[in-house]
Amino acid sequence: MDHHSGRALQQFRNEVGVRFQLYNSLFTSLPFHRIEKTGILLSLLSSNCEDGFRRKLSPAAIISDFFDKHTTYHSQEERNDLLFRFVQYIERQVVLFDALEDAAFRSVHDLNGVGTLKHLESEVIRNKKDEPLADKLKDFSVRLVLTAHPTQFYPGPVLGIINDLAKALADNNTNLVNTYLQQLGKTPFFKKKKPTPYDEAVSLIWYLENVFYPAAGRIISSLKSQFPDAMYAGNPVIRMGFWPGGDRDGNPYVNSEITLQVANALRGGIIKCYYMDVRKLRRRLTFEGVDVLLQELEQKLYSNLFIPGFKTNLSREEMLNTLVQVREIIVYQHNGLFLHMVDNLINKIGVFGLHFASLDIRQDSSVHGLFYRELAAAGLLPEAFISADEPERIRLLGTLTLLETEPDFADPVLQDTLRTVRAIRDIQSFNGPDGCNRYIISQCNSAANALEVMGLFLLAGWQKDNIPADIVPLFETIDDLHKAAGVMHILYADPVYRQHLEKRGNQQTIMLGFSDGTKDGGYLMANWSIYKAKEELTRISREFGVRVVFFDGRGGPPSRGGGKTHKFYASMGSTIENKEIQLTIQGQTVSSNFGTIDAAQFNIEQLLNAGISNDLFPNRDATMTGTEEALLQELSEEGFLAYKKLKEHPYLADYLLQVSPLRFYSETNIGSRPAKRGAGSGLSLKDLRAIPFAGSWSQLKQNVTGYYGVGSALQSMEKKGKLLPLQKLYHQSLFFRTLLDNCEMAMMKSFFPLTAYLSEHRQFGELWHMIYDEYELTKQYLFKITGNQELMAGYPVEQASISMREKIVLPLVTIQQYALSRIRELDEQGAPVKIRETFEKLAMRCSFGIINAGRNSA
């Protein structure tokens, strides 16, 4: 462990570990129903769990033993009541831990160390790279897209408390901490009804206003002050994207009306931020000549915010012009007093405009296919649309023009398809061109799927050479990733599409999805397939003179592309285009990596640094040789074979349904989207959305999607005498190292004693052993490759954080497994639904705390 890691770990133990024990004792005085007793009993249950799992007891035996030894509760009702209180108590312990980590962020992380802008600054100056930096910053940017998956498990009021609690903890204000903990005790965590997509949007706009707005201002100001000549006015460097209200794939609750409402909320959110900043400016800039200009700007912002239906023709340019005038007066007449405040606001307007974040539209290609078939069946399009092969279909789509007759579909999703495209026009007129300018096609299996979206714009009245949005194919499954370059070749060669691309600056965005790939092909194959697809897509795009931009659909956990994300970007060699970094931020990654201004600034800087350094200081080892690529290809194929055996196990879907909380996912009121894609009842893995699939494994503490197949693959390679080259590659290739480091993170969050009781189960025993044996095998081979003796040895702070969180959450996962085993018993007995309902509710409630404690588990 290096000096910095050792110091950081010590800081973490003092500021988070020790203080958690200290403040946790305050919980016992919270105004809860018999709270003191709950706190004492919970610590007894924790000890019981640790001891019980050591003695190989089942969760049901541990809970039963606890009630017999430590309580006088005999009725099931009394026992369940206490278990629900434990869940509430642990949820609040997790919040305290979150807030302590947030408060300690500055002392645990080196905010000027490797990967930050300060570090980049010194490297640029030392290597005299000012000019290459200016060149890179002309068009390089990082785009963070906040997505609508079970995004926020904490309701709005709790977010506010965490924020205030972290500040009070940082200031060591014990009185305030105590008050906030009391407020926490009284504030409900559980949402009574499922959030609408609009609710999801509002909870994410909270982050835009309170975190990303100030963090982006700081970063751009810092870049401009250090490299004033490197910043190009037309490129904001940081861009925000937004999916709630725009992403309708598998979510029938999102329609054009919701999309317009969310766009309006985003516009209102950013105007509110500007309004507050202009008011602060007016308190400082009380000088002659400046006050009137600011007063007029404030009045305009006020009218846009508070007068219903009043949208003036406010524009980004007008605001910037006013502030540039203010700036000149201050510089020439008032000695540059408070100039930094004006510049900071100018920088923010450059990033956020009037749109705050660009709203992306996303829909499944099957919806578009059905839309065209229905139009043809209604006689509104040539019949050929129904039977045409792909080349003919592509030709027909390029000939479409304005649809004179409004179609009348029984299916509301189809009825809304054209309205959605028309909504883009309205959004762009109020929020600016960046307000909504991308249409993403999921399950994009062919070039025709991409051109179907172009056809929608033509039917809505746009001309071929004037479509105001990028058409973004999304490739997700292993098969789609292998075919992606072929699809793009056909698109690039199509004259109609090529004309559209030229109007969009010869730039093509392609989205690659990690979650479905992992569900489909396992951890190694998914990550390697995406790497190879990027290489192929870069090659084909360069051939056609198109600049390709990759948009990564990454989730929270490593199995869904999360984990040490910036290291993946730093590891891309010259064979992969690196003009922009675009990725989705979802699950609790929003609150864990971007929950505070410091954390957001640090993590955005890491991404900026990774993307810029890749070009300015190319690492020769980043671009893999043909031999190294062949090695990883072989490793991935071996991993895929092992994963395939698990995936094809006849009881796998039943295992997830019976043993994990999967079947309750759609009832957890976490996200607005259904847990299954189809509406039928019988479950197949294909039906299942990738997010509940990964989430269910994390609740089981088995995290299969983050490592399964890695051990078997490494063992097979050892048998072929190829372990030594892989050991070398681990030390040379940042890509391979990050891949395995992330795998260790998933394993660190696993805990097999929790489900060991299933090892003898008549139906699931074999499956449990398959998973456990693969886990142990993977651990054994990772140690051989890395030379370490424990998981995550290179990340001591994260290792300590995970250990502490897992300890807090142990009673919770035990209660959940107890509830699930009771449900299985009651199912077998054919017990009345009423009795089962309480246990179902208990299993569901545990999900919240487990997910929140995991920080990147969903």
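Below is a short write-up of the structure. Quick caveat, the model's predicted, so the values are computed rather than measured.

**Digging into the pairing of strand S2 (residues 238-242)**
Link 1 in the chain: When you tally the buried positions in S2, you get four out of five residues, the bulk of the element.
Link 2 in the chain: Pairing of strand S1 (residues 141-146) with S2 involves five bridges; the strand directions are parallel. Across the sheet, valine 142 pairs through a bridge with isoleucine 238, a residue of S2.
Link 3 in the chain: In this sheet, strand S3 (residues 358-364) lies alongside S2 in parallel orientation, the contact comprising two bridges. Along S3, the bridge assignment pairs glycine 241 with serine 358.

**Notes on the side chain of glutamate 634**
Link 1 in the chain: You can see glutamate 634 is positioned in helix H27 (residues 626-647).
Link 2 in the chain: Here the side chain of glutamate 634 touches lysine 722 through a polar contact of 2.7 Å, side chain to side chain.
Link 3 in the chain: In this structure, glutamate 634 is in contact with Met717, Lys720 and Lys722, ignoring residues within four places of it in sequence.

**Concerning the packing of aromatic side chains**
Link 1 in the chain: Counted according to the given criterion, the structure contains 32 aromatic pairs.
Link 2 in the chain: Ring geometry for tyrosine 372 against phenylalanine 385: centres 5.7 Å apart, planes inclined by 10°, an arrangement best described as stacked. Placement of the pair is tyrosine 372 in helix H15 (residues 365-377) and phenylalanine 385 in helix H16 (residues 384-387), with a sequence separation of 13 residues.
Link 3 in the chain: When its relative accessible area of 2% is taken as the criterion, phenylalanine 385 is described as buried.
Link 4 in the chain: With a centroid separation of 4.5 Å and an interplanar angle of 45°, the aromatic rings of tyrosine 531 and phenylalanine 735 are classed as tilted. With tyrosine 531 in helix H23 (residues 523-543) and phenylalanine 735 in helix H32 (residues 734-748), the pair connects residues that are 204 residues apart, well separated along the chain. A single burial state applies to tyrosine 531 and to phenylalanine 735, both of which are buried.
Link 5 in the chain: In this arrangement the basic side chain of arginine 425 is found over the ring face of tryptophan 462, its NZ or CZ atom lying 4.2 Å from the centre.

**Quick word on the pairing of strand S7 (residues 547-553)**
Link 1 in the chain: Within S7, seven of the seven residues are buried, which leaves it mostly tucked inside the rest of the structure.
Link 2 in the chain: Here strand S6 (residues 507-513) pairs with S7 via seven bridges, running parallel. Pairing of leucine 512 across the sheet is with aspartate 552, part of S7.
Link 3 in the chain: Strand direction decides the pairing type here: S7 and strand S8 (residues 580-585), joined by two bridges, are parallel.

Calculation criteria
Residue numbers restart at each chain and count upward from 1, following the sequence in its written direction. At least 70 in pLDDT is required for a residue's local features to be given in this predicted model, at least 80 for side-chain atom pairs to be given and counted, and no such filter applies to totals for whole chains, interfaces and linings, which use all residues. With hydrogens and water excluded, all non-hydrogen atoms of the structure serve as input to the side-chain values. In this scheme, a residue with accessible area under 20% of its type's maximum is buried, one over 50% is exposed, and one in between is partly exposed, where area comes from a 1.4 Å probe on protein chains only. A run of DSSP states H or I qualifies as a helix once it reaches four residues; a run of E qualifies as a strand once it reaches two. Both are numbered from the N-terminal end. Strand pairing is assigned whenever DSSP identifies at least 2 bridges connecting the two strands. Polar contacts here mean pairs of N or O atoms no more than 3.5 Å apart (in protein, one a potential hydrogen donor and the other a potential acceptor; neighbouring residues in sequence count only if both atoms are side-chain atoms). Contacts were defined at the residue level, with two residues in contact if any of their heavy atoms lie within 4.5 Å. Put simply, two rings from Phe, Tyr or Trp (the six-membered ring, in Trp's case) pair if the centres are within 6.5 Å, and we call them stacked under 30 degrees between planes, edge-to-face over 60, tilted for the rest. Any Lys NZ or Arg CZ found within 6 Å of a ring centre and within 35 degrees of that ring's normal is scored as a charge over the ring.

Everything listed is a geometric property; what it means functionally is a separate question.
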